[in-house]
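Below are the chains, spelled out letter by letter.
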Amino acid sequence: VLADIGDLQSVGGDLSTFSGHMLVCREVLASSGKNALVLMDELGSGTDPAQGVAIAQALLESLVETGARCVITTHYMELKQLAASDERFAVGGMQFVGGRPTYKLLPGTVGESFALAVAERFKLPQ
């Protein structure tokens, strides 16, 4: 099991959120293969969204080519739509009821972001 979950951000180590993720992604790619299960949270985040999506897609395609099985979380619609154009990928969304997650996976469903509901729940300005 190879994973990129959390944040390696370090001012002292000159690592932004994005560069920390890229270091982990490099190691995951170098270590992946037929028997690998790769777990990545918010792949491609922490930078310009258009560039992050491009990097994330290239990384996913490279990981799948090694034979690894990948599970990622994302808010990027372009990555969610990858399953529609490439049979190597599938999509699933998390169920929400009343603006709260049930933690039930809905295979074949494109999940949506509930950012506004979460912000409202935390009483942030509208």
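Owing to the predicted nature of the structure, the values given are computational and were not obtained by experimental measurement.

Cut-offs and rules
- Residues numbered from 1 in each chain as written.
- Predicted model: local features only at pLDDT ≥ 70, side-chain atom pairs only at ≥ 80, totals over all residues.
- Heavy atoms only, no water.
- Helix = DSSP H or I, 4+ residues; strand = E, 2+ residues; numbered from the N terminus.
- Buried < 20%, exposed > 50% of the residue type's maximum accessible area, 1.4 Å probe, protein only.
- Contact = heavy atoms within 4.5 Å.
- Lys, Arg positive; Asp, Glu negative; His and termini not counted.
- Charge placed at Lys NZ, Arg CZ, Asp CG, Glu CD.
- Phe/Tyr/Trp six-rings, centres within 6.5 Å; stacked < 30°, edge-to-face > 60°.
- Lys NZ or Arg CZ within 6 Å of the ring centre and 35° of its normal.
- Salt bridge = Lys/Arg side-chain N within 4 Å of Asp/Glu carboxyl O.
- Polar contact = N/O pair within 3.5 Å; in protein donor to acceptor, adjacent residues only side chain to side chain.
- Core = buried A, V, L, I, M, F, W, Y, C linked by side-chain atoms within 4.5 Å.
- 1 Å grid on protein atoms, 1.4 Å probe; cavity = no way out; pocket = protein on both sides within 12 Å on 5 of 7 lines; lining within 4 Å.
- Points joined across faces, edges and corners; volume = space filled by probe spheres on them.
- Nonpolar A, V, L, I, M, F, W, Y, C, P; charged D, E, K, R; others polar.

S.K.: What am I meant to see in the overall build of the protein chain here?
M.R.: Across its full length, the protein chain holds 5 helices and 5 strands. Reported as C-alpha extents along the three principal axes, the dimensions of the protein chain are approximately 45 × 40 × 25 Å. Expressed as a percentage of its 126 residues, the buried residues of the protein chain come to 27%. Partitioning the contacts of the protein chain with sequence separation of at least 6, the portion at a separation of at least 24 is 51%. Averaging the locations of the 9 positively and 14 negatively charged side chains of the protein chain gives two centres separated by 10 Å.

S.K.: Where do I start with the packing of aromatic side chains in this structure?
M.R.: Each aromatic ring pair is described using two quantities: the centre-to-centre distance and the angle formed by the ring planes. This structure, assessed with the given rule, holds 0 aromatic pairs. Geometry around Phe122 places Arg121 over its ring, the cationic atom sitting 5.1 Å from the centre.

S.K.: Just checking my understanding: could you explain the pattern of salt bridges for this structure?
M.R.: Summed over the entire model, instances satisfying the criterion amount to 2 salt bridges. Here Arg26 and Glu27 are joined by a salt bridge, their closest N and O atoms 3.5 Å apart. Overall, the relative accessible area of 52% leaves Arg26 in the exposed class. Across the pair Arg88 and Asp86 runs a salt bridge, and its minimum N-O distance is 2.8 Å. Here Asp86 falls in the buried class, since its relative accessible area comes to 14%.

S.K.: Looking at this structure, I do not really get unusual backbone geometry. What am I missing?
M.R.: Note: most residues except glycine have negative phi, and most peptide bonds are trans. Unusually for a residue other than glycine, Tyr103 sits at a positive phi of about 65°. A residue is classified by how much of its surface remains accessible, and Tyr103, at 65% relative accessible area, is exposed. With a phi close to 60°, Lys123 is a non-glycine residue in the positive phi region. For Lys123, the position within the fold is in the segment after α5 (115–121). Note on Lys123: relative accessible area 73%, which makes it exposed.

S.K.: So what exactly am I meant to see when it comes to the side chain of Thr74 here?
M.R.: Tracing the backbone shows Thr74 in the loop between β3 (69–72) and α3 (77–80). Assessed through its relative accessible area of 18%, Thr74 is described here as buried. There is a polar contact of 2.9 Å between the side chain of Thr74 and the backbone nitrogen of Tyr76. Once residues within four sequence positions are removed from consideration, Thr74 is found in contact with Glu42, Leu79 and Lys80.

S.K.: Could you clarify how one ought to interpret the nonpolar core in this entry?
M.R.: Within soluble globular proteins, side chains that are nonpolar generally end up buried alongside one another. Residues Val28, Val38, Met40, Leu43, Leu59, Leu60 and Leu63 are the most contacted members of the largest nonpolar core, which totals 19 residues. Of all the elements, helix α2 (residues 49–65) adds the most residues to this core, at 6 residues. Not counting chain neighbours up to four residues away, the residues in contact with Val38 comprise Leu2, Val28, Ser32, Leu63, Ala68, Arg69, Cys70 and Val71.

S.K.: Explain the layout of surface pockets to me, please; I cannot follow it from the model alone.
M.R.: Over the atoms rolls a probe the size of a water molecule, and in doing so it shows where empty space is left. Estimated volume of the largest pocket: approximately 1100 Å³. Looking at the largest pocket, it is lined by 39 residues, and the ones nearest its centre are Val71, Ile72, Thr73, Thr74 and Gly92. Elements represented by at least two residues in the lining of the largest pocket include exactly β2 (37–40), α2, β3, α3, α4 (82–85), β4 (92–97), β5 (100–107) and α5. A per-class count over the lining of the largest pocket returns 25 nonpolar, 8 polar and 6 charged.

Shape descriptors only; they carry no functional weight alone.
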